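Residue strings, one per chain:
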Amino acid sequence: MKRILPLFLCLATSFAVAAEKPNIIVIMADDMGYGDLSCYGTTSFETPHIDQLAAEGQRFTSGYCSASTCTPTRWSFLTGTYAFREKGTGIAPPNGHMTINPDTTTLPDLMGKAGYKAAVIGKWHLGLGAKGVGPDWNGELKPGPLEIGFDHCFLLPTTNDRVPQVYLKDHRILNLDPKDPLWVGMKKSSEDHPTGQDPEERAKLKMDWSHGHNSTIHNGISRIGFYTGGHAARFRDEDLADKWVEQSKAWLDANKDDPFFLFFASHDLHVPRIPHERFQGATKLGYRADAIVQLDWCVGELMKKVDELGIADNTLFVFCSDNGPVMDDGYKDFALEKLGTHDANGPYSGGKYSVYEGGTRTPFITRWKGRIKPGVSEELVCTIDLAASLSSFAGVKLGEEDCRDSFDVMGALLGEDGAKGRDHLVQQDNGGRGNWGFREGNWKLHRNDKGQARNAVVAQTLTNTKVNKFRLFNIENDPTEQKDVAAENPEKFEEMKTKLQALIKAGRSR
Ligand code: NG6
Ligand code: CA
């Protein structure tokens, strides 16, 4: 026995897969479509830094986010569970409460268990404060990111077309003067202040609104919702990208010796698209593409920082988007008028708010210098898989109820030979509207519970078209999902309907 034991131990150690703990930087673009980068085919402008990331890593042609709007994709990315499984996870309003229950196991929780430090910098849009209470703007804003596993946050609370324009640093609004308290609401306060509905004020705006977005004016732009006070805390839209980069660099300096997980949640290219003055006019396509060039600059800065710190060969970058593209999302920034021949959704149809491929099939790139073999991958991967993939790679086991729709596709993310992605994916729009896409192989089922689908053409005013409740497409022959082939493929059609229903009903995918 004495002799056998050391041999057994020796075998056990050689079979156990040692956990690896690379630093992780997830960069999530806002409203970026499949065709919005030069490495994904556009010739209308250049994105050299993101192209470099792709050239040095894996560029996915079936990389997805799980929803075609912001809040549900981010919710699912952090929880590893489809947002449609939980009520109240649609686009969050300015005063919305924290949508992720602090008892939920999240991606930052799991990374924390593996010994990582975690930060989120950029846009939040998942609500703040307790359910039924909402954000206490002048006090402690909790629960929030720090209650679900992040050690640090520096954020725009919702999205920048919604009030208020202030930074959240950890639990508090930065630079808030207690003598000028911040008030936020959905109805105009008794205090008189300019709004975009007033024709005189509207005439003076820096950027006019086209729909919604006509409430409180700040920095020459009217927004969704009303606010007063907090003047010393307010930022300029033009400075957001610089701020995210500055704060990220400082956090990386302070945490370079730990394994770290940085969620860089860019606000580019969401409306109002107001890039810094030095990027205004960077392209011929107007501020929408200028904001892409600005985001590309941010990515370059993060890559440079990682090089300077000497940690590039121990840092995994993931670049993704939170939903597909949209042109007029409420402001007259001439995105459509100046579009030219640019195809924001690439070869697909639909965009933000839709379950056509263009709504969720988006740029997806991984780079880990010296570890990922450069190439293009057709494997199916989704932002929702990062929770299971990154945590299991770092040696943390998921509990039965954790991350219920997240698959460990780490091999595919690393571009390993023969490694597989997921074999099916449920795509949702915003939640409340009840439209679903279900992809398996080259088959794609649409289920539109209200019998209405959002535009297939991304360059159109956002409208709904009447459609059959269920439709079936073959996306290999018909990537723009135009020809419903349900009648020709009755068995496949029934099978896809049954599978989607089973996935919804089961409350989990794994
Ligand atoms: C919509 C807004 C849109 C944008 C979106 C959220 C109107 C008419 N439309 O309701 O402008 O704010 O919500 O975008 O108000 S997301 O990318 O953050 O989900
Ligand atoms: Ca978005």
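A quick note: this is a predicted structure, and the numbers were derived from the prediction, not measured.

(A) Expanded view of the overall build of the chain. When its secondary structure is counted, the chain shows 11 helices and 20 strands. In terms of C-alpha radius of gyration, the chain reaches 23 Å, essentially the compact-globule figure of 24 Å for 510 residues. Out of the 510 residues in the chain, the part that is buried amounts to 61%. Looking at the chain alone, contacts between residues at least 24 apart form 72% of all its contacts between residues at least 6 apart. For the chain, the accessible surface area stands at approximately 19800 Å², while carbon and sulfur atoms represent 52% of it. In the chain, 61 positive and 69 negative side-chain charges are present, and the distance between their average locations comes to 3 Å.

(B) Up close: the coordination of the calcium ion (ligand 2). Around the calcium ion (ligand 2), the protein contributes the donor atoms D30 (OD), D31 (OD), D322 (OD), D322 (OD) and N323 (OD1), at 2.2 to 2.8 Å from the metal centre. For the calcium ion (ligand 2), the six donor atoms in the first shell make angles of 50 to 170° at the metal, a pattern classed as irregular. All donors to the calcium ion (ligand 2) come from one chain, and their sequence spacing reads D-D-x290-D-N. Taken together, the positions of D30 in the loop between β1 (23-29) and α2 (48-55) and N323 in the loop between β12 (315-321) and α8 (357-360) put the pair 293 residues apart, joining distant regions of the chain. Given a relative accessible area of 0%, D30 falls into the buried group.

(C) Spotlight on the site of ligand 1. In the vicinity of ligand 1, 18 residues are found, and the nearest of them are C70, D161, R162, D329 and K352. H270 places a side-chain nitrogen or oxygen 3.0 Å from an oxygen atom of ligand 1. Starting from 450 Å² of accessible surface for ligand 1 in isolation, the protein chains cover 82%. Class assignment for the residues of the shell around ligand 1 results in four nonpolar, seven polar and seven charged.

(D) View of the pairing of strand β16 (residues 435-440). Extensive coverage of β16 is indicated by the burial of six of its six residues. Residues N435, G437 and R439 point to one face of β16 and W436, F438 and E440 to the other, with burial holding for every one of them. A loop of two residues connects β16 with strand β17 (residues 443-448), the two strands running antiparallel in sequence, and G441 in this loop sits at a positive phi of about 60°.

(E) Expanded view of the environment of K206. You can see K206 is positioned in the loop between α5 (199-203) and β8 (217-218). Put simply, K206 and V120 are 86 residues apart on the chain and 30 Å apart in space, counted from C-alpha to C-alpha. If we ignore the near neighbours within four places in the chain, the residues touching K206 are N219, G220, I221 and E238. A polar contact of 2.9 Å, which involves the side chain of K206, links it to the side chain of N219.

(F) A look at empty space enclosed by the protein. Evaluation of the coordinates by the stated rule reveals five cavities of 30 Å³ or more. The computed volume of the largest cavity comes to approximately 100 Å³. Lining the largest cavity are 16 residues, with D237, L240, H267, D268 and Q294 positioned closest to its centre. The element best represented in the lining of the largest cavity is helix α6 (residues 240-255), accounting for three residues. Each pocket or cavity is described by its volume, and for the second largest cavity that value is around 60 Å³. What lines the second largest cavity is a set of 13 residues, and nearest its centre among them are G351, K352, N455, V458 and L462. Of the residues in the lining of the second largest cavity, the class split is six nonpolar, five polar and two charged. Counting only domains with at least three residues in the lining of the second largest cavity, you end up with domain 1 (21-182 + 228-413) and domain 2 (424-506).

What counts, and at which threshold
- Residues numbered from 1 in each chain as written.
- Chains lettered and ligands numbered in written order.
- Predicted model: local features only at pLDDT ≥ 70, side-chain atom pairs only at ≥ 80, totals over all residues.
- Heavy atoms only, no water.
- Helix = DSSP H or I, 4+ residues; strand = E, 2+ residues; numbered from the N terminus.
- Rg over C-alpha atoms; globule rule 2.2 N^0.38 Å.
- Buried < 20%, exposed > 50% of the residue type's maximum accessible area, 1.4 Å probe, protein only.
- Contact = heavy atoms within 4.5 Å.
- Areas by Shrake-Rupley, 256 points an atom, 1.4 Å probe, with all protein chains shown as cover.
- Lys, Arg positive; Asp, Glu negative; His and termini not counted.
- Charge placed at Lys NZ, Arg CZ, Asp CG, Glu CD.
- Donors = N, O, S within 2.8 Å, 3.2 Å for Na, K, Ca; no water.
- Tetrahedral: all angles 85-135°; square planar, octahedral: opposite > 155°, others 65-115°.
- Near = heavy atom within 4 Å.
- Polar contact = N/O pair within 3.5 Å; in protein donor to acceptor, adjacent residues only side chain to side chain.
- Nonpolar A, V, L, I, M, F, W, Y, C, P; charged D, E, K, R; others polar.
- Pairing = 2+ DSSP bridges.
- 1 Å grid on protein atoms, 1.4 Å probe; cavity = no way out; pocket = protein on both sides within 12 Å on 5 of 7 lines; lining within 4 Å.
- Points joined across faces, edges and corners; volume = space filled by probe spheres on them.
- Domains from an automatic or database assignment.

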